[in-house]
Amino acid sequence: MFGLFKKKSEKEKLQAEYKKLLEDAHRLSTTNRKLSDQKTYEADQVLKKIDQISE
């Protein structure tokens, strides 16, 4: 209840974006492999940003 109006941190935003990109990549893997690979690459870039923040 108290976290209702809490703003997300940069790390939480990146983690949500990473999860969304992986879900998109998985969904596209059956129809468009090239686009799926692009989403996977974008997710890897976001993961690198998360790692930099964590350090």
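For the structure itself, consult the block above.
Residues numbered from 1 in each chain as written. Predicted model: local features only at pLDDT ≥ 70, side-chain atom pairs only at ≥ 80, totals over all residues. Heavy atoms only, no water.

*Asks:* Tell me about helix H2 (residues 33–54), and please be specific about residues and values.
*Replies:* With 22 residues, H2 should cover 32 Å at 1.5 Å per step; its first-to-last C-alpha distance of 31 Å lies within 8% of that length. Along H2, the residues that are buried comprise Ser36, Ala43, Val46 and Ile50. For H2, the angular spread of the buried residues around the axis is 85°, confining them to a single face. The exposed set on the far side of H2, more than 90 degrees from its buried face, consists of Lys34, Lys48 and Gln52. Looking at the buried positions of H2, the neighbouring elements they touch are helix H1 (10–28). (Helix = DSSP H or I, 4+ residues; strand = E, 2+ residues; numbered from the N terminus. Expected span 1.5 Å × (residues − 1). Buried < 20%, exposed > 50% of the residue type's maximum accessible area, 1.4 Å probe, protein only. Arc of directions from axis to C-beta. Contact = heavy atoms within 4.5 Å.)

*Asks:* Describe in detail the nonpolar core, supporting the description with residues and values.
*Replies:* One finds Leu14, Leu21, Ala43, Val46 and Ile50 forming the largest nonpolar core, which totals five residues. Broken down by secondary-structure element, the contributors of at least two residues to this core are H1 and H2. Of all the elements, H2 adds the most residues to this core, at three residues. Excluding residues that lie within four positions of it along the chain, leucine 21 makes contacts with Lys39, Glu42, Ala43 and Val46. (Core = buried A, V, L, I, M, F, W, Y, C linked by side-chain atoms within 4.5 Å.)

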